[in-house]
Amino acid sequence: EVFKLLEATEVISSRAACERMSERDLAKLERLICSMDDMQDDPERWSLENVRLHQFICERSGTHLAGEVMTKTLDQWNRIRRYYLDEVFASRLARAQKQHWAILEALKLRDIDRVERVIQQHNQTALADYQVLLSKVSQS
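Quick notes on the rules
Residues numbered from 1 in each chain as written. Predicted model: local features only at pLDDT ≥ 70, side-chain atom pairs only at ≥ 80, totals over all residues. Heavy atoms only, no water. Helix = DSSP H or I, 4+ residues; strand = E, 2+ residues; numbered from the N terminus. Polar contact = N/O pair within 3.5 Å; in protein donor to acceptor, adjacent residues only side chain to side chain. Contact = heavy atoms within 4.5 Å. Core = buried A, V, L, I, M, F, W, Y, C linked by side-chain atoms within 4.5 Å. Buried < 20%, exposed > 50% of the residue type's maximum accessible area, 1.4 Å probe, protein only. Patch = residues over 30% accessible without salt bridge, like charges linked within 9 Å, V, L, I, M, F, W, Y side chains within 5 Å. Areas by Shrake-Rupley, 256 points an atom, 1.4 Å probe, with all protein chains shown as cover. Salt bridge = Lys/Arg side-chain N within 4 Å of Asp/Glu carboxyl O.

Trainee: Sorry if this is basic, but what is going on with the side chain of His-122 here?
Mentor: Summarising the element assignment, His-122 is placed in helix H7 (residues 112-139). One polar contact links His-122 to Gln-99, side chain to side chain, over a distance of 2.7 Å. Among residues more than four places away in sequence, those in contact with His-122 are Glu-10, His-54, Arg-92, Ala-96, Gln-99, His-100 and Ile-103.

In structure tokens, the structure reads:
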């Protein structure tokens with residue numbers, strides 16, 4: 001449920017952000033992603049910036065209701081991740097970070113369909129990674 005809500009709210013906000021983000025907004029997003037490149041050895045810090053990244057896109061999109069849902073969903077996700085899933089989270093940071101760069105590229109191109117595909121992939125690969133871990137845990 002968490003991943004489906006995140007995917008839905010991120011698709012809504014990212015599609016709108018494609019049309020609304022200024023060049024200054026895109027430059028700020030790029031600086032944030034650059035700084036996250038250097039945080040991959042600190043998953044907790046990276047995670048905080050990850051939330052900031054997705055909320056920044058949503059804020060710039062003007063989709064306030066989606067933003068409220070996203071904030072509540074990210075809060076729930078952080079509780080789950082922190083207590084149960086840190087192992088898989090740390091192992092997938094590099095892939096998630098590459099996807100952040102792909103999101104930025106789609107936003108810069110103002111390619112609404114591409115940003116939607118990248119956001120969907122971002123959420124669906126995360127879900128798949130966690131499902132693998134959970135299936136291993138349940139088999140133990």
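Trainee: Would you mind showing me how to read the nonpolar core here?
Mentor: A general trend in soluble globular proteins is that nonpolar side chains are found buried together. Within the largest apolar cluster, 24 residues are counted, with the highest numbers of intra-cluster contacts made by Met-21, Leu-29, Leu-53, Ile-57, Ile-103, Leu-107 and Val-115. Residue contributions to this core peak at six residues, all from helix H6 (residues 93-109). When residues no more than four places from it in sequence are discounted, the contact partners of Val-115 are Ser-14, Arg-15, Cys-18, Ile-103, Ala-106 and Leu-107. Of all hydrophobic cores here, the second largest spans ten residues; its members include Val-2, Cys-58, Leu-74 and Ala-126.

Trainee: Help me out: how do you make sense of the environment of Asn-78 in this one?
Mentor: Inspection of the secondary structure puts Asn-78 in helix H4 (residues 64-84). For Asn-78, a relative accessible area of 11% corresponds to the buried category. Considered as a pair, Asn-78 and Glu-44 are 34 residues apart in the sequence and their alpha carbons are 9.9 Å apart. Aside from chain neighbours lying at most four places away, what touches Asn-78 is Ser-47 and Val-51. Within polar-contact distance, the side chain of Asn-78 engages the side chain of Ser-47 at 3.4 Å.

Trainee: What is the right way to read a nonpolar patch on the surface from this model?
Mentor: On the surface, Leu-5, Leu-65 and Val-69 cluster together into a nonpolar patch covering about 250 Å² of accessible area. Position of Leu-5 among the secondary structure elements: in helix H1 (residues 2-20). A relative accessible area of 34% places Leu-5 in the partly exposed class.

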